[in-house]
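# Breakdown of the fold
For reference, the chains in residue letters:
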Amino acid sequence: MRGQGATEYLVILGAVLLVSIVIVSLLGVFPSSQVSMKQQQSQAYWSSLSPIKVLSSKVVDSNLVLQIQNTGQSTLRLDGVNVGGTDIPIYPYYAGDYYGQAYCSKPNDDFSATMTCALMVGAGESVYVAAQGAGVIDCGGKAGIEVSDLRFVYSVAGSSITNIVFKGDKPLITSCSVRTCDENWVKVLGNSSLLISDFCMMKYEAYKVSGTVTNGACTTGSEDSTTTAVAGSASAQAPLASINFCAAKKACLNAGKRLCTNPEWQQAALGTPDPGADGGATGCNVASSGTPATTGSHSACVSSSGAYDMIGNVWEWTDRVVSSDPTSFGSGYVNGFNYMTGMPTSVGSTNPAYGGDYYWDYNGGGSARAFLRGGGWDYGADAGAFALYLYSAPSTPGTNVGFRCCK
């Protein structure tokens, strides 16, 4: 009897220990399981709403990426996304965490004006949209995030029903991740005031890998170029020059990329040393032989985002064309440049307040002019992060003119 009792005791003790081990094990994974469960509950809630349901969500850096569906019977116009009481701009979203041009705008490109957004979503249609929440959404070092007070502002197309605010009763709980760029590309953080989201830019000016450059008339349908534009490597590539605006734009498209916009170029160039300030000996604008320096050879000519040679090597085309003197615009703004207060009023001058590099030039006459940025090797102190040249028509190439692509 004693032996049998001892055996039963050991069996019971073993069972207790086994249960304890299981409980301890479960406790060890409980926090992550709890987070996952909260995300599932949040997703179930947001995907049950109407007329706007959230089918999926994630946060990439500070971008809230949503797949939304219009469950109503009429086409809706998404007029904005609001998080925590702040209206944030919205963008198209593509696979690979890439973002397109904003669905939002401001009058006359006045970036201090009220933002208006418009994304049409048909009845039953689902779309991906990214809301740039820099300063509002912070995923830094987190696996997941709780987005509180998420609201959609929308209107019903073709009716007088406008400015409807749709708010969920529960926070949106979703995952966090960080976007990376390919080798020889740099990641540039977005700027909501310029209506740009995070993007990747060529670390070095584009160079020709294969094909030819065809500088045509630069009209619709004639943007012909078989050139493949890729990021130059740090090992002495000659930047592709003598190319016009349309050929540069097509070269980026041929490579599956796009020509950088003017606000993107401005954001990426910030922090690059000024040639007038550093003397040119170790910084930017040191080539004077009639040809641009090879990519990456100016080791000190680097922006805060890590892009090389944005100043004083070759002028760089950006995807912006105007047909009138920008100083005549009512608001005085063009893509982040305040011509009324920030730029000198005399054409071809510099502004010492910006280190002598706030140079601009405009060839009038009401004809189209494409934006060239940064300055060529032959522009001395007039080159700089705020240098803008509006003298050339889109069809005009130049030996000191190149470009780089973004994605």
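Reference entry: report on the structure contained in this document. (Residues numbered from 1 in each chain as written. Predicted model: local features only at pLDDT ≥ 70, side-chain atom pairs only at ≥ 80, totals over all residues. Heavy atoms only, no water.)

## Describing helix α3 (residues 262-269)
Owing to its 3.6 residues per turn, the α-helix brings residues three or four apart onto one side. Burial of α3 is extensive: 8 of the 8 residues sit out of reach of the surface. If you check which residues of α3 are buried, you get Asn 262, Pro 263, Glu 264, Trp 265, Gln 266, Gln 267, Ala 268 and Ala 269. Count one or two residues on from α3 and you reach Gly 271, which has phi positive near 90°. (Buried < 20%, exposed > 50% of the residue type's maximum accessible area, 1.4 Å probe, protein only. Helix = DSSP H or I, 4+ residues; strand = E, 2+ residues; numbered from the N terminus.)

## Details of the layout of surface pockets
It is the rolling of a water-molecule-sized probe over the atoms that shows where space remains empty. There is about 190 Å³ of room inside the second largest pocket. Around the second largest pocket, the lining residues are Asp 79, Gly 80, Val 81, Asp 87, Ile 88, Thr 114, Met 115, Thr 116, Cys 117, Val 153 and Asn 163. Counting only elements with at least two residues in the lining of the second largest pocket, the list comes to β3 (76-83), β4 (86-88) and β8 (116-117). Per element, the largest residue contribution to the lining of the second largest pocket is 3 residues, and it comes from β3. Class assignment for the residues of the lining of the second largest pocket results in 5 nonpolar, 4 polar and 2 charged. (1 Å grid on protein atoms, 1.4 Å probe; cavity = no way out; pocket = protein on both sides within 12 Å on 5 of 7 lines; lining within 4 Å. Points joined across faces, edges and corners; volume = space filled by probe spheres on them. Nonpolar A, V, L, I, M, F, W, Y, C, P; charged D, E, K, R; others polar.)

## Things to note about the pairing of strand β24 (residues 369-373)
The side chains of a regular strand alternate, first on one face of the sheet and then on the other. In terms of burial, β24 is a largely internal element, 5 of the 5 residues being buried. As defined by bridge partners, β24 adjoins strand β25 (residues 388-390) across 2 bridges and the pair is classed as antiparallel. In the sheet register, Arg 373 faces β25, and the bridge partner there is Leu 388. (Pairing = 2+ DSSP bridges.)

## Digging into the sheet that holds strand β14 (residues 172-177)
Reading across from one edge, β6-β5-β10-β2-β1-β14-β11 is the order of the 7 strands in this open sheet, with mixed pairing throughout. Pairing within the sheet leaves two strands with one partner each, and these edge strands are β6 (98-99) and β11 (144-147). Sheet topology note: the strand β1 (residues 52-60)/strand β2 (residues 63-70) ladder contains 8 bridges and is antiparallel. Counterpart to Lys 58 in the pairing with β2 is Val 65.

## Re the pattern of salt bridges
In a structure, side chains of opposite charge can pair up when their charged atoms sit close to one another. A complete count under the given rule lists 8 salt bridges for this structure. With its nearest N and O atoms 2.8 Å apart, the salt bridge here joins Glu 264 to Arg 258. Of the two residues, Glu 264 and Arg 258, both sit in the buried class. (Salt bridge = Lys/Arg side-chain N within 4 Å of Asp/Glu carboxyl O.)

## Remarks on the state of the cysteines
Taken as a whole and judged by the stated rule, the model has 5 disulfides. Residue Cys 260 pairs covalently with Cys 406 via a disulfide, S to S 2.0 Å. Every disulfide takes its handedness from the sign of the S-S torsion; for Cys 260 and Cys 406 that torsion is 95°, giving right-handed. Here Cys 260, found in the loop between β19 (258-259) and α3, pairs with Cys 406, found in strand β27 (residues 405-406); they are 146 residues apart in sequence, far enough to count as distant. We classify Cys 260 as buried; its relative accessible area is 1%. (Disulfide = S-S within 2.5 Å.)

Shape is all these values report; function is a separate question.
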